[in-house]
Amino acid sequence: MYLDLGYSEHSSRPGQGNELQEFVDRNFLTQVVQKPTREGNTLDLVFTNVSRYVMEVEVSDTILSDHRLVEVRLGFNMVGNAIAKETSLDPYSFRAVDYHKANFEVMNLQLSEVNWEELWELCDNNLGEFLELMRLTVLQVTLLHSPPKEDKAAAISRRRRANRHINVMKRKRRKLNARLRALESANPGSGRLRDLKSEVALLCYTIQEGTLNKLDKREKRAVETIKDNPKYFFSYAKRLQKTKSTIPVLRDENGRLVEDPAIKAELLQTQYQKVFSNPKDANLEECMGNPGLPQGSNQDLHLATASGTLARGGSIIAMSPTK
């Protein structure tokens, strides 16, 4: 990936912008400003390592400077995800237990042995009292066979301890890279360069192996948990997904970006109505009269029923010309 800085060639000015280009390549960044920001040159740059978050980039004139104003609209609200306030959690509630490690077999067995009719009689056939007694009974069984949730601070501390050796090697690699760049600038022919590059390569390999081992252990724990609780698969997969299934912004019929949830819902509803069609209402004669389709008579076509591609009760009808 090469930067478009408004010059005719990337290397037209030797020594100009080389460090910036190396920094961008090393960190896998993308430059999103594609229009000139001062005269014919793109001097004001915006870099990102997640280009899909950038929804729109506008460059406009301003009276405050000879540089044009650059506005970048992101696909999420940077101030909306504020840190949630700590709320006290009742240790004797359904929310206080870790269902991923619960013993559901024993819980189901104990609940199946409960004489619910007897409990109903104890409540004098009062529905409200019976529901409360049933809730307390299920809660008691749940607390007996489900471990409590791990404290957030303790979980963060545990993850840091598990990643400590990898973080130490990453810090050491950053220091060696800084020394390597400084030595290349001061003394390109130094014999120490080869030793530093070997140390960096060895650290990169060790970091890679440590990261793979950590992922393998996490996956094995997930497999063991899924054996006892199959529903854990969905939360585990959701935690590892790269792209969230959210719709940050949409464009209306005038080309404006819309963030309001109600307006976005209306736009999606309108779009779905435009593309919706009922297969039962399909008109074969009208479809064949469409100039965009191959013309021919009904005798020149046959329906591929034997191959299973024709589903009259479904939404797909496949036709192929006869020879």
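Residues numbered from 1 in each chain as written. Predicted model: local features only at pLDDT ≥ 70, side-chain atom pairs only at ≥ 80, totals over all residues. Heavy atoms only, no water.

Before going further, it helps to examine the packing of helix α7 (residues 192-228) against helix α8 (residues 232-240). Helix-helix packing is described using two parameters, namely the angle between the two axes and the distance between the axes. Close contact between α7 and α8 brings their axes to 9 Å; oriented N to C, the two are set at 155°. The angle between α7 and α8 places the two elements in the roughly antiparallel class. Contacts between α7 and α8 involve Arg218, Glu219, Ala222, Thr225 and Ile226 from the former and Tyr232, Phe233, Tyr236 and Leu240 from the latter. (Axes fitted to C-alpha atoms, helices over the stretch in contact; angles between N-to-C directions. Helix = DSSP H or I, 4+ residues; strand = E, 2+ residues; numbered from the N terminus. Parallel < 35°, antiparallel > 145°, perpendicular 65-115°, else oblique. Contact = heavy atoms within 4.5 Å.)

Turning next to the pattern of salt bridges. Overall, the coordinates contain eight salt bridges when judged by the stated rule. A salt bridge links Glu56 to Arg251; its shortest N-O distance comes to 3.0 Å. In this pair, Glu56 sits in strand β3 (residues 54-60) while Arg251 sits in strand β5 (residues 250-251), placing the two residues 195 residues apart along the sequence. Overall, Glu56 belongs to the buried group, its relative accessible area being 18%. As a salt-bridge pair, Arg256 and Asp252 come within 3.3 Å of each other at their nearest N and O atoms. Each of the salt bridges in this network shares a partner with another, and the network as a whole consists of Arg192, Asp195 and Glu199. (Salt bridge = Lys/Arg side-chain N within 4 Å of Asp/Glu carboxyl O. Buried < 20%, exposed > 50% of the residue type's maximum accessible area, 1.4 Å probe, protein only.)

This next bit is on the packing of aromatic side chains. Considering all chains together, one arrives at three aromatic pairs under this definition. Each ring, one from Trp120 and one from Phe130, has its centre 5.3 Å from the other, and the planes form 85°; the classification is edge-to-face. Here Phe130 lies in helix α4 (residues 127-144) and Trp120 lies in helix α3 (residues 116-122), a separation of 10 residues in the sequence. Ring geometry for Tyr232 and Tyr236: centres 6.0 Å apart, planes at 35°, overall tilted. Of the two residues, Tyr232 and Tyr236 are both situated in helix α8; the distance of four residues between them amounts to about one turn of the helix. An identical accessibility class is assigned to Tyr232 and Tyr236; each is buried. (Phe/Tyr/Trp six-rings, centres within 6.5 Å; stacked < 30°, edge-to-face > 60°.)

Okay, a positive patch on the surface next. Together, Lys101, Arg159, Lys217, Arg218, Lys220, Arg221 and Arg239 make up a positively charged patch on the protein surface. If you tally residues by element for the positive patch, the top one is α7, at four residues. Within the secondary structure, Lys217 sits in helix α7. (Patch = residues over 30% accessible without salt bridge, like charges linked within 9 Å, V, L, I, M, F, W, Y side chains within 5 Å. Areas by Shrake-Rupley, 256 points an atom, 1.4 Å probe, with all protein chains shown as cover. Lys, Arg positive; Asp, Glu negative; His and termini not counted. Charge placed at Lys NZ, Arg CZ, Asp CG, Glu CD.)

Let us now look at unusual backbone geometry. Of note, the phi angle at Glu39 is positive, near 55°, even though the residue is not glycine. With respect to the helices and strands, the residue Glu39 is situated in the loop between β1 (30-31) and β2 (47-48). Despite not being glycine, Asn125 has its phi angle at roughly 60°, a positive value. Position of Asn125 among the secondary structure elements: in the loop between α3 and α4.

Predicted coordinates in areas of low pLDDT are best not read in detail. Per-residue confidence for the protein averages 77 on the pLDDT scale, and 77% of its residues sit at or above 70. Segment residues 1-12: pLDDT under 50, and 24 contacts once partners within four positions in sequence are set aside and those in other chains are kept. Counted against residues more than four places away or in other chains, residues 295-323, with its pLDDT under 50, gives 33 contacts. (pLDDT = per-residue confidence, 0-100.)

Next up on the list: a nonpolar patch on the surface. Together, Leu127, Leu131 and Met134 line one region of the surface with nonpolar side chains, adding up to about 260 Å² of accessible area. If you trace the backbone, Leu131 turns up in helix α4.

What follows deals with the side chain of Gln31. Residue position: Gln31 is located in strand β1. Within the structure, Gln31 has its side chain in polar contact with the backbone oxygen of Val33 (distance 2.7 Å). (Polar contact = N/O pair within 3.5 Å; in protein donor to acceptor, adjacent residues only side chain to side chain.)

A word on a negative patch on the surface. Side chains of Glu19, Glu22, Asp25 and Glu184 sit close together on the surface and give a patch of like negative charge. With three residues, helix α1 (residues 18-27) is the largest single contributor of residues to the negative patch. With respect to the helices and strands, Asp25 occurs in helix α1.

A few words now on the nonpolar core. Core analysis: the biggest nonpolar cluster contains 10 residues, these being Ile166, Met169, Leu176, Leu180, Leu183, Leu193, Leu196, Val200, Leu203 and Ile207. At the level of secondary structure, the elements contributing two or more residues to this core comprise α6 (164-186) and α7. Discounting residues that sit within four places of it in the chain, Leu193 has contacts with Leu180, Leu183, Glu184, Asn187 and Pro188. (Core = buried A, V, L, I, M, F, W, Y, C linked by side-chain atoms within 4.5 Å.)

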